Each structure stands twice: as structure tokens, then as C-alpha cells.
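A closer look at the structure
So you can see what is in the structure, the chains are spelled out below.
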Amino acid sequence: MLEGSIQSDSEVQIDGLIRGDVRVEKLAIGETGRVEGQITAETAEVRGRVVGGIMAKQVRLYGTASVEGDITAEQLAIEPGASFEGRSVKLQRPKPASPSATPSASPQA
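One structure accompanies this document, and this report is about it. None of the values given here were measured: they were computed from a predicted structure.

We now examine the overall build of the protein. Each helix and strand in the protein was counted, giving zero helices and 13 strands. Reading the protein from its N end, one meets helices and strands in the order β-β-β-β-β-β-β-β-β-β-β-β-β. The buried share of the protein, reckoned over its 109 residues, is 33%. The contacts of the protein with a sequence gap of at least 6 include a subset with a gap of at least 24, amounting to 3%. Roughly 6,900 Å² of accessible area belongs to the protein as shown, and the carbon and sulfur atoms make up 48% of that amount.

Printed below as a string of C-alpha cells:
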């Protein structure tokens, strides 16, 4: 068991218990893995258990996965047998502001 947050710019595989937030490039949670905290990643593959929210570009819940928390993702795949209790929200990337979107000052009469 590890208590505390994990941050990495690479791939991380979790096969034990993590109590804390996980912020990584690519996350793989094995069947014996468990995360109790918030997950932020580019891609997250879950075969174990998550108690907390997941925010990632791509999330895949395999048949052995159990997630209790909201998932915010551009792409979400859930295999038969997976357990998911929470909300699924589409991840919206912020659009760059266009110059024409800035209101111009108009003279007052």
C-alpha cells in the first residue's frame, strides 16, 4: 500500500493499493490494483478497482473493472462485466479564442 500522490510523465502500472491522487501520462490498473483518489491521465486502462473520479482523454474499463466515481473523457469504452457507478461526462477541450470574439467598444450617444 502507498499513501500519497503519484505524478509521472510516463506509463504507470498499478497492481497494489494507492491511497492518493494519480497524475500520469498513461495509467494501467491491473486486476489486483486499487486506487482511492482522483486519476488524471491521457489514457487510463482499468482492470481493477477505482474509488474516485477519472479524467482522461481515453478511458477503457475491462470486464474485471469496478469504478465508483465520475468519469470525464473524450472516449469511454466499457466492456461487458465492468461495474461503473457514477456519471460519465464528455471531456471538452477549450477552444482558442478568436480575435472576432472580443467585443468592441461602441460610442455612447
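Attention shifts here to the sheet that holds strand S8 (residues 49-51). Taken together, six strands build an open sheet; the order of strands is S1-S4-S6-S8-S10-S12 and the sheet is parallel. Each edge of the sheet is formed by a strand with only one pairing partner; in this case those strands are strand S1 (2-3) and strand S12 (83-85). When strand S10 (residues 66-68) meets S12, the two strands line up parallel, connected through three bridges. Bridging from a neighbouring strand, Glu68 pairs with Glu85 of S12.

With that settled, the discussion passes to the pairing of strand S5 (residues 22-29). Across two bridges, strand S2 (residues 6-7) lies against S5 in parallel orientation. Directly across from Ile6, in S5, lies its bridge partner Val22. Two strands pair when backbone bridges link them, and strand S3 (residues 11-14) and S5 are joined in this way by four bridges, in the parallel orientation. Directly across from Ile14, in S5, lies its bridge partner Ile29. As defined by bridge partners, S5 adjoins strand S7 (residues 39-46) across seven bridges and the pair is classed as parallel. In the sheet register, Val22 faces S7, and the bridge partner there is Ile39.

The rules behind the values
Note that residues are indexed from 1 along each chain, following the sequence as it is written. With the structure being a predicted model, the display of local features is reserved for residues of pLDDT at least 70 and the display and counting of side-chain atom pairs for 80 or more, all residues being used for whole-chain, interface and lining totals. Only hydrogens and water are set aside when side-chain values are computed; all heavy atoms of the structure are taken into account. Runs of H or I in DSSP of at least four residues are treated as helices and runs of E of at least two as strands, each being numbered from the N terminus. Exposed residues in this analysis have more than 50% of their type's maximum accessible area, buried residues have under 20%, and partly exposed residues fall in between, with area computed by a 1.4 Å probe over protein chains only. Throughout, a contact is declared for two residues whenever any of their heavy atoms are within 4.5 Å. Every accessible area reported is derived by Shrake-Rupley at a probe size of 1.4 Å, with residue values counting cover from the shown protein chains alone. Should DSSP find at least two bridges between two strands, the strands are taken to pair.

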